[in-house]
Amino acid sequence: MNQAISGAILLGSWAIGLYFFRFRRRSGDRFFAFFGWAFWLLAVERILLLAAGGNDELKPYIYSVRLIAFLLILCAIYDKNRKTAALSKKDLEEKRGKN
């Protein structure tokens, strides 16, 4: 049963990553690329978990792949907020200069 659920999670992670890459192509925003890579890394993590026997989630190489995926998500959020803050500062400076 664990293998079937891991396979479903693997397929779902791969499909979600593909979905984010499609948004990346349409919008050109790096945010979606970060999320796409993160979900594909989670799919790779499931492949490693299945190859290791199913219940060894705390092995360092499996856990580190998951950690990297979550760090990519955090980087995407940080990158998006940094850009938004820089753009809002620029807009404020332009408005002050016009008045």
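Provided above is the structure to which this section pertains.
Just so it is clear, the structure is predicted and the values come from calculations on it, not from any experiment.

> For this particular structure, what's the right way to read a nonpolar patch on the surface?
A cluster of nonpolar side chains, Tyr63, Leu67, Leu71, Leu74 and Ile77, forms an exposed patch at the surface whose accessible area comes to about 470 Å². Here Leu67 lies in helix α3 (residues 60-98).

> Would you mind showing me how to read the pattern of salt bridges here?
Close approach of charged atoms allows side chains with opposite charge to pair. Going through the model one piece at a time under the given rule, you end up with five salt bridges. As a salt-bridge pair, Lys80 and Asp29 come within 2.5 Å of each other at their nearest N and O atoms. Note that Lys80 is positioned in helix α3 and Asp29 in the loop between α1 (2-27) and α2 (30-52), a separation of 51 residues in sequence. Glu45 is the salt-bridge partner of Arg46, the closest N and O atoms lying 3.7 Å from each other. Residue class for Glu45 comes out buried when judged on its relative accessible area of 2%.

> What's the story with the nonpolar core in this structure? I'm lost.
Nonpolar side chains in soluble globular proteins tend to be buried together. The biggest cluster of nonpolar side chains holds 10 residues, and these are Phe20, Phe31, Phe32, Phe35, Ala38, Phe39, Leu42, Ala69, Ile73 and Ala76. Mapped onto this core, the elements with two or more residues apiece are α2 and α3. Of all the elements, α2 adds the most residues to this core, at six residues. Contacts of Phe20, omitting those with residues within four sequence positions, involve Phe32, Phe35, Gly36 and Phe39.

About the criteria used
Residues numbered from 1 in each chain as written. Predicted model: local features only at pLDDT ≥ 70, side-chain atom pairs only at ≥ 80, totals over all residues. Heavy atoms only, no water. Patch = residues over 30% accessible without salt bridge, like charges linked within 9 Å, V, L, I, M, F, W, Y side chains within 5 Å. Areas by Shrake-Rupley, 256 points an atom, 1.4 Å probe, with all protein chains shown as cover. Salt bridge = Lys/Arg side-chain N within 4 Å of Asp/Glu carboxyl O. Helix = DSSP H or I, 4+ residues; strand = E, 2+ residues; numbered from the N terminus. Buried < 20%, exposed > 50% of the residue type's maximum accessible area, 1.4 Å probe, protein only. Core = buried A, V, L, I, M, F, W, Y, C linked by side-chain atoms within 4.5 Å. Contact = heavy atoms within 4.5 Å.

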